[in-house]
Amino acid sequence: MASGHSVANTEDLPDGFQMTELGPLPKEWRVVRLGEILVETNQRVREIEGQDIVVLSITRHFGLISQEEKFKKRVASQNLDNYKVVHRGELVYGFPMDEGVIHFLWQYPVGAVSPVYYTWKLYNSQADAHFLDYLLKTPHLLRIYEMLQSKTVHRRRIVHPKDFINISIPFPPLPEQRAIAHVLRTVQRAKEATEGVIAALKELKKSLMQHLFTYGPVPVTERERVPLQETEIGPLPKEWRVVRLGEVGKVITGRTPSTARPEYWNGHIPFITPVDLNGMPIQVAQRSITEDGLKKAKPLPKGAVLVSCIGYIGKVGVVDSEIAATNQQINAVIVDSSKISNWFLAYAVMRESNLLESRARKTTVPILHKTNFERIPIPLPPLAKQREIARMLQAVDAKIAAEERRRAALEELFKTLLHALMSGRMRVPHIVGGERSCDSAPDADKLPKSED
């Protein structure tokens, strides 16, 4: 499949590059069609005997996963005889491919997928499956899938196999394919490890909140010494009170300036909507308003606690800019600092998110009206203990935020490397004739062979 580049145009090519139908590529690379390295398979479950087969679903972001894992329930008994068989290291694609529904199977030795999917295996010994797994999800190829899908009238927007096998791809020598896959896999695993840390920190925060809002800021070993009382929101230390949210501050429902007035928008003042609420301090928002726009909204000071009360019930944030405004989906609490810490209130509301949802009016879009919001019961310990609880939870949140920044940086690094490595603009230390070329990286460590 041509990309519109002129093969004859060799001017200004970097040293060691050639012009191809895909644009400039290293001279050692070839351009091949997918049909030269992949062959379609159509093995059915009924043809296999005596093997345990996992029934798989194909997802956009998580690859091929078992249906039990996807649906959190045991797969209902069904006739799987016509399902297609896929083995580890083989390819499956479905729809819509332009959204990344194309994956190799790695997690299981063998699986079964719906017959509406297409299954493929490598038959070219010079192709590395891990390399192809990354290459086939590059933005360039996703755009090609989108174009090919537009040719079909099928509601599922499929790419027909005859079109799939004619897609042209860059094809480095096998050692370089393995090296590219190794680099990308290293970054991907670092990102996955970071996601594991984030998940663990979020579980820690959940457990810590349960402890702090039941026993207060005391060591776990001393919680049995804390005298408790039963309240409408569960057990609390005896010295704590239960109050209504409206008793600890002024509640303000947001207002949106006219979107038909461009002079109100794209200024320097954050205009916060539920999408901006993630339990963290908010300095900037996806939208912003001008000083004129602020006059038509409801100004909020730094430290105001924000709670989504329409649609996304219970999402929380705290204003961290000098001034801000919100839309009407959000109630803001300007706290009485002599009664309550704003961050303690934010965490207390997070903990009571289920209660907020239960008090919302059930319509097509759930609504928690201001009067009902003001009546939400919250715990009220002495101010010093509020601040200590907030400090401990903010420390965990800071670690979560740091890991999320690391994850975002790794995501950007992966995207940059994916483009640079797959275009040959960045070369990993490559091997020529089985030996590493001496001018690429003479002191580099040996690269591993492709993993199973």
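Every value quoted in this text rests on a predicted model; they were computed, and no experiment measured them.

Things to note about the confidence of the model for the protein
Scored by pLDDT, the protein comes out at a mean of 88, with 87% of its residues at no less than 70. Ignoring residues within four places in sequence, the model shows residues 69–77, a span with pLDDT below 50, making 11 contacts including any to other chains. Confidence drops under a pLDDT of 50 for residues 430–452, and excluding neighbours within four residues, the segment shows 32 contacts in the predicted structure.

A look at the pairing of strand S24 (residues 330–335)
In this structure, strand S16 (residues 249–253) lies alongside S24, joined through 5 bridges in antiparallel fashion. Looking at the pairing, Ile252 lines up with Ala332 of S24. Two strands pair when backbone bridges link them, and strand S21 (residues 305–308) and S24 are joined in this way by 4 bridges, in the antiparallel orientation. Looking across to S24, one finds that Ser308 is bridged to Ile330.

Focus on the sheet that holds strand S8 (residues 91–93)
Spatial strand order, S4-S11-S8-S9: 4 strands in an open sheet with antiparallel pairing. Looking at strand neighbours, the two that pair on one side only are strand S4 (38–41) and strand S9 (102–104), the edges of this open sheet. Across this sheet, the average inter-strand angle for adjacent strands is 30 degrees, counted without regard to direction.

Considerations on the packing of aromatic side chains
For the structure shown, the criterion picks out 9 aromatic pairs. Between Tyr93 and Phe164 the ring centres are 4.7 Å apart and the planes differ by 50 degrees, which places this aromatic pair in the tilted class. Here the residue Tyr93 occupies a position in strand S8, and Phe164 occupies one in helix H4 (residues 161–164), the gap between them amounting to 71 residues. The pair Tyr93 / Phe164 is uniform in exposure class, with both members buried. Relative to Phe164, the ring of Trp120 has its centre 5.0 Å away and its plane inclined at 50 degrees; by these criteria the two rings are tilted. In this pair, Trp120 sits in strand S11 (residues 118–122) while Phe164 sits in helix H4, placing the two residues 44 residues apart along the sequence. Here the aromatic cluster, defined as three or more aromatic residues joined through ring pairs, consists of Tyr93, Tyr118, Trp120 and Phe164. The aromatic ring of Trp265 is capped on one face by Arg287, whose charged end is 4.2 Å from the ring centroid.

Some words on the side chain of Ser423
Looking at the secondary structure, you find Ser423 in the loop between helix H10 (383–422) and strand S26 (431–432). The buried category is assigned to Ser423, whose relative accessible area is 13%. Polar contacts involving the side chain of Ser423 include one to the main-chain carbonyl oxygen of Ala420, which spans 3.2 Å. Sequence-distant contacts of Ser423, defined by excluding residues within four places in its chain, comprise Phe17, Pro24, Leu25, Pro26 and Trp29.

Some points on the environment of Glu47
Assignment of secondary structure puts Glu47 in the loop between S4 and strand S5 (54–58). Through-space distance from the C-alpha of Glu47 to that of Val85 is 9.1 Å; in sequence the pair is 38 residues apart.

Quick look at the sheet that holds strand S7 (residues 84–87)
The strands making up a sheet associate through backbone hydrogen bonding, with each pair oriented either parallel or antiparallel. With respect to topology, 4 strands assemble into an open sheet ordered S6-S5-S10-S7, the strand pairing being mixed. Strand pairing shows two members of the sheet lacking a second neighbour, strand S6 (64–66) and S7, which therefore form its edges. The average undirected angle you get between the axes of adjacent strands in this sheet is 45 degrees. Pairing of S5 with strand S10 (residues 110–113), which is carried by 2 bridges, proceeds in the parallel orientation. Across the sheet, the residue bridging to Val54 is Gly111, located in S10.

With respect to the pairing of strand S2 (residues 23–26)
Note that strand S1 (residues 17–20) and S2 share 4 bridges and pair antiparallel. Within the sheet, the bridge partner assigned to Met19 lies in S2 and is Pro24. Adjacent in sequence and paired antiparallel, S1 and S2 are bridged by 2 residues.

Reading the values: the criteria
One numbering rule holds for all chains: residues counted from 1, following each sequence as written. In view of the model being predicted, local features appear only for residues whose pLDDT reaches at least 70, and side-chain atom pairs are presented and counted only at 80 or more, with totals across whole chains, interfaces and linings using the full set of residues. Values shown for side chains rest on all heavy atoms present in the structure; no hydrogens or waters enter the calculation. Confidence of the predictor at the level of single residues is given by pLDDT, which spans 0 to 100. In what follows, a contact means two residues having at least one pair of non-hydrogen atoms within 4.5 Å. The criterion for strand pairing is that DSSP finds at least two bridges linking the strands in question. Each helix is a run of H or I in the DSSP string that is no shorter than four residues. Each strand is a run of E no shorter than two, and both are numbered from the N terminus. Angles run from 0 to 180 degrees between N-to-C directions of axes, and those axes are lines fitted to C-alpha atoms, restricted for helices to the stretch in contact. Side-chain rings of Phe, Tyr and Trp, where Trp is taken by its six-membered ring, are said to pair if the distance between their centres is within 6.5 Å; with planes under 30 degrees apart they count as stacked, over 60 as edge-to-face, and otherwise as tilted. Remark: exposure states derive from per-residue accessible area (1.4 Å probe, protein chains only) relative to the maximum for the residue type, with buried under 20%, exposed over 50%, and partly exposed in between. Cation placement over rings: the criterion is NZ of Lys or CZ of Arg within 6 Å of the ring centroid and within 35° of the ring normal. N or O atoms within 3.5 Å of each other form a polar contact, as long as, within protein, one can give a hydrogen and the other can take it, and as long as residues adjacent in sequence are counted only when both atoms are side-chain atoms.

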